[in-house]
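What the coordinates show
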Amino acid sequence: MKYIVDVNGERVIVDLDGTHAEVEGERVAASLSAIEGTPVRLLRIGEQVHRLVARRGASRGRWTLDLDGQRVEAEALDERMRAIRDLTAAEAEASGPAPLLAPMPGLVVRVSVAVGDTVSAGQGLVVVEAMKMENELRASVAGVVTAVQAVPGQAVDKGALLVELGPIPSV
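For the structure given in this document, a descriptive report is provided here.

Calculation notes
Residues numbered from 1 in each chain as written. Predicted model: local features only at pLDDT ≥ 70, side-chain atom pairs only at ≥ 80, totals over all residues. Heavy atoms only, no water. Salt bridge = Lys/Arg side-chain N within 4 Å of Asp/Glu carboxyl O. Buried < 20%, exposed > 50% of the residue type's maximum accessible area, 1.4 Å probe, protein only. Helix = DSSP H or I, 4+ residues; strand = E, 2+ residues; numbered from the N terminus.

1. Focus on the pattern of salt bridges
Applying the stated criterion across every chain yields a total of 5 salt bridges. A salt bridge links Asp6 to Arg11, with the nearest nitrogen and oxygen atoms 2.8 Å apart. Given the relative accessible area of 18%, Asp6 is considered buried. Note that Asp17 is salt-bridged to Arg27, the shortest N-O span being 3.0 Å. With Asp17 in the loop between β2 (10-16) and β3 (20-23) and Arg27 in strand β4 (residues 26-34), this residue pair connects regions lying 10 residues apart in the sequence. On the accessibility criterion, Asp17 (45% relative accessible area) is partly exposed. If you follow the salt bridges from partner to partner, you end up with Asp6, Arg11, Glu75 and Arg82 in one network.

Printed below as a string of structure tokens:
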């Protein structure tokens, strides 16, 4: 099985076949065995033996590794998942700031921004009342307000577009 592994910002291709690992074209004997009752694994690469403790990260394929006492952040994905991640990351970069959508049906109470305003991440944009509670909806990222669809007193459905944001122009 072929994996694309990002380790501390460097990408490495690793091909595993059960008893061997091929890393960047170099094939070596490799095995991983558990030490019963502990989170420790013994990683054998050729003649060398390494102590490894692996902890799952926040997302699929992300790991925090303690390798011989040294902490390493890594992401290991098969070829298909790596291609999907790279594609979605490229699309996310190109799309700019996400629009503000109503997270629930409710009534717009207040709009705190106007077209052309520069907003910072976490800044309140719109207040929506739902179930007799006022909910301040905030910008997830910094941006410039390109359109305001919300109007005080307007009833909105879940998912309704309230405010559109664009990227902050570079100077």
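After that view, the rundown keeps rolling.
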